[in-house]
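The chain contents come next:
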Amino acid sequence: GGSDKSHQEAKEDKKGKNKSSEKHNKVVEELKAENKELNKRLQKALKDAESKKSEAEEKKSSIEAANKKLVKEVKELKDQIESMRKADNSKAQAEELQRVKDKLAKQEDHERKIRALEKELAEYKRERKSPPKDQPKEDQKKVERLVDIIDKEEVKLPSVQLRLNFILADVTPEDLRRSVFSGSAGDKKVSVKELASVLKSEPALLEQEDATKVARYLIEPKNNKQVPQNEMLDKRMSAIEEGLISLIGNYTLNCKNNPEAVQESLLGKINEKLEPFADRLQNAADSNGNLSLSGLEKIFADMNFNLTQDEHDYILLTMYRENKNLHEMQYEAFVQHLGELLSKLLENADEEGESGDAPSAEKEKSPSKESPSDSKKEKSPEQKSDEEMENLSENEILSLVQSCFTKIAEKVAEKQIDLEKLLKDKVYRKRVSGEEVELIAPEDFMKAMKKIGVEEFKPIEKAYLQKMLAASDKENGFRIKDIIQILKDNWTGGNENNEEREMEIGDLDKVSLVLLLALSEYLSNTNTSLQKLFENVMYKQPVQIDDEELEIDIINSHDFFEIMNNIGIETEESQHENLKLFLCIDPGYVDKFSVQKLSMVLDEFKTNEELREHAREYYQEFIEEDDQMDNEGEGV
């Protein structure tokens, strides 16, 4: 009985195992079937993705082909428009021109649609790409759109082209807002895209790439090396206008509309160097006789012509008129033009010499053939040979020294230089005739004058300066006090228009730049507006501008400097004169500051990194000077 029972249990156990095995096999079969179905679905998804990729590539190829065709058609249409402008403007041609313009407008609409398709394709590609796990998709999008800022060197060529095109179109700096920006209000904001469109059209006439570069340079912030790419980034019109004028320079139309005066002064500078000047032009030109702007600028610098803005623009304009290309300017026609002008000037000089008229100061500078009668005429110190110069009379020596100081004074006035501060580092003290005086070594004085742009003195001029300025027979150092006094006694201002010329940012001295930088950073760090800081001392005053009475915001200079002191921005002097002349509403009212002008220059400090860097360098100089004076025990 026990054996039957054991046999029965073994039989049931075997039966249970068989059932378990059948159940396991069933589960395995189900998993295999499910896995097979998943593989089918995965293969289908991969095929769909590949199909979409193929469609996207075909779409891209189609867009690129259409775009190339469009670019070609647009270029052909533009060429047709340009040729029609040059042709006779008859009625039939005007109708044809309108037809071409309409077609061009349709093409531009087509181009916009293509750009929209390109954008759609780019969005599709971005959707297929997943961002890194540790970075949100929005942050990745921002990083992808960062671009390098446009620096000043990149817009140097377009800025010169702008200036020349404005001159050709008779647009003065004062006309810029009316002519270029169509009278836009100062508080209106303009985007990079809008400004680039303006700079492509008349009178600016820049190419698309250059127009976009200039627009980005004037609008994009310069706080970082990279900025988000955004053609809708905008800026106030008044700040853009100031930036544009600062970029292209404070030019005039004299080189185009009054060329005779410019020609005469230009020839006076280069007539003796015309032959080497022509040789340098030829050597710098390529095999086709073309000369680039950078090559021309290097020649100007190397040959020390010291050209004025008008003279510089006259030369560029003469070469630029023909093909409107600063990379390929034809120099031969210009050299021939200069030769003709010189011949004409020589003929006029000979005719006047024969008629017995006394030559003017300008004609004395021009080259002329010396006749026997001319040789008998009394020469000025500048015209005498070295041998004759050694035997000058006392009056002639005074005249010569005075002419040297006139050159110095012109540069000092032109660049708003504080001469005492310029010479400060080289000054030494010494007792002369029982009195302690401040002196500077002659060679240090000459180097300082060369540094500010004064033409190098001739050996005989240096000798007479030494004779006139030496502190004593035993001490050859120049008295600083004498130098300053001679400048005051003999300089009356030279250019009669200087008093009427409104000061610009470039006229600000180091102290003014440091004060404005400090104010700009104070407002930024404290998140305070200019109006809020000066609200208790600001008032409105009616002023007469071009026969129209306007109310402008005014701050008295005393209140301005008092508040500057209260917020920790102090100077050795109670009111800095250079800054007063810059901010005043008029040179006749130096104690009344224009709030609008102050606001505009502070905006420039916000956007102009180069200006801020210069101001910081000057501030560091002052800190180092103060530290040095502390170490020497002289106090600050």
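Predicted model, so just to flag it, every value in this text is computed and none were measured.

**Thoughts on the pairing of strand β7 (residues 428-432)**
Then step 1. Relative to strand β8 (residues 435-440), β7 is paired through five bridges, and the arrangement is antiparallel. For Val432, the partnering residue across the bridge sits in β8 and is Glu435.

**Description of helix α6 (residues 192-200)**
An α-helical turn contains 3.6 residues, so a residue and the one three or four places further along point in the same direction.
Then step 1. Burial in α6 covers these residues: Val192, Leu195, Ala196 and Leu199. Angular distribution of buried residues about the axis of α6 spans 100°; they occupy a single face of the element.
Then step 2. Buried residues along α6 sit against α4 (156-168), β2 (189-191), α7 (208-219) and α8 (237-248).

**Some details on the pattern of salt bridges**
Then step 1. Summed over all chains, the structure comprises 17 salt bridges.
Then step 2. With a closest N to O distance of 3.9 Å, Lys213 and Glu209 form a salt bridge. Linking Lys213 with Glu209, this pair stays in helix α7, spanning four residues, or about one helical turn.
Then step 3. The partner of Arg616 in a salt bridge is Glu613, with the nearest N and O atoms 3.1 Å apart. You can see Arg616 and its partner Glu613 sitting in helix α28 (residues 609-631), three residues apart, about one turn around the helix.
Then step 4. Among the ionic contacts, a cluster of salt bridges with common partners joins Glu521, Glu609, Arg612, Glu613 and Arg616.

**Re the confidence of the model for the protein chain**
Then step 1. In this model, the protein chain carries a mean pLDDT of 76, and residues with pLDDT of at least 70 account for 76%.
Then step 2. Low pLDDT (under 50) marks residues 131-144, which in the prediction has nine contacts with non-local residues, meaning those over four places away or in another chain.
Then step 3. The low-confidence segment residues 492-500, where pLDDT is below 50, has two contacts with residues more than four positions distant or belonging to other chains.

**A few points about the sheet that holds β8**
Then step 1. Strands sit in the order β7-β8-β9 across an open sheet of three strands; the sheet is antiparallel. Both outer strands of the open sheet, β7 and β9 (478-479), are each paired with one neighbouring strand and no more.

**Some words on the packing of aromatic side chains**
Aromatic ring pairs are defined here through the distance separating the ring centres and the angle between the ring planes.
Then step 1. Under the counting rule described, the total for this entry stands at five aromatic pairs.
Then step 2. Their ring planes at 85° and their centres at 5.1 Å tell us that Phe560 and Phe561 sit as a pair that is edge-to-face.
Then step 3. We classify Phe560 as buried; its relative accessible area is 0%.
Then step 4. Each ring, one from Phe560 and one from Phe593, has its centre 5.3 Å from the other, and the planes form 70°; the classification is edge-to-face. Taken together, the residues Phe560 in helix α25 (residues 557-566) and Phe593 in strand β12 (residues 592-594) connect sequence positions 33 residues apart.
Then step 5. By relative accessible area, Phe593 is classed as buried at 2%.
Then step 6. One aromatic cluster is present, built from ring pairs that chain together Phe534, Phe560, Phe561 and Phe593.
Then step 7. Cation over ring: Lys597 sits above Phe582, and NZ or CZ is 4.7 Å from the ring centre.

**What to know about the environment of Pro173**
Then step 1. Along the chain, the position of Pro173 falls in the loop between α4 and α5 (176-180).
Then step 2. As a C-alpha pair, Pro173 and Gly249 span 76 residues in sequence and 8.8 Å in three-dimensional space.
Then step 3. Those residues within four positions of Pro173 in sequence are excluded, and the remaining contacts are Ile245, Asn250 and Tyr251.

**As for the nonpolar core**
Then step 1. Counting 52 residues, the largest nonpolar core has Leu162, Phe277 and Leu296 as the members making the most contacts within it.
Then step 2. Within the residue set of this core, elements represented by two or more residues are α4, α6, α7, α8, α10 (259-270), α11 (274-284), α12 (293-302) and α13 (309-320).
Then step 3. Leave out the neighbours within four places in its chain, and Leu296 touches Leu281, Leu291, Ile315, Leu316, Met319 and Met329.
Then step 4. Counting 33 residues, the second-largest nonpolar core is a separate cluster that includes Leu515, Val537, Phe582 and Leu583.

**Regarding the pairing of β8**
Then step 1. Taken together, β7 and the strand that follows it, β8, pair antiparallel across an intervening segment of two residues, in which Ser433 is found at a positive phi of about 55°.
Then step 2. Note: β8 against β9, two bridges, orientation antiparallel. Directly across from Leu439, in β9, lies its bridge partner Arg479.

**Some words on the side chain of Asp313**
Then step 1. You can see Asp313 is positioned in helix α13.
Then step 2. Within the structure, Asp313 has its side chain in polar contact with the side chain of Arg163 (distance 2.9 Å).
Then step 3. Residues within four places of Asp313 in sequence aside, it is in contact with Arg163, Leu164, Ile167, Tyr251 and Cys255.

**Focus on the environment of Ile555**
Then step 1. Within the element layout of this structure, Ile555 appears in strand β11 (residues 548-556).
Then step 2. Along the primary structure Ile555 and Tyr539 are separated by 16 residues, whereas in three dimensions their C-alpha atoms are 6.7 Å apart.
Then step 3. If we skip the residues at most four places from it in the chain, Ile555 touches Phe534, Val537, Met538, Phe560, Asp591, Lys592, Phe593 and Val595.

Conventions and cut-offs
Residues numbered from 1 in each chain as written. Predicted model: local features only at pLDDT ≥ 70, side-chain atom pairs only at ≥ 80, totals over all residues. Heavy atoms only, no water. Pairing = 2+ DSSP bridges. Helix = DSSP H or I, 4+ residues; strand = E, 2+ residues; numbered from the N terminus. Buried < 20%, exposed > 50% of the residue type's maximum accessible area, 1.4 Å probe, protein only. Arc of directions from axis to C-beta. Contact = heavy atoms within 4.5 Å. Salt bridge = Lys/Arg side-chain N within 4 Å of Asp/Glu carboxyl O. pLDDT = per-residue confidence, 0-100. Phe/Tyr/Trp six-rings, centres within 6.5 Å; stacked < 30°, edge-to-face > 60°. Lys NZ or Arg CZ within 6 Å of the ring centre and 35° of its normal. Core = buried A, V, L, I, M, F, W, Y, C linked by side-chain atoms within 4.5 Å. Polar contact = N/O pair within 3.5 Å; in protein donor to acceptor, adjacent residues only side chain to side chain.

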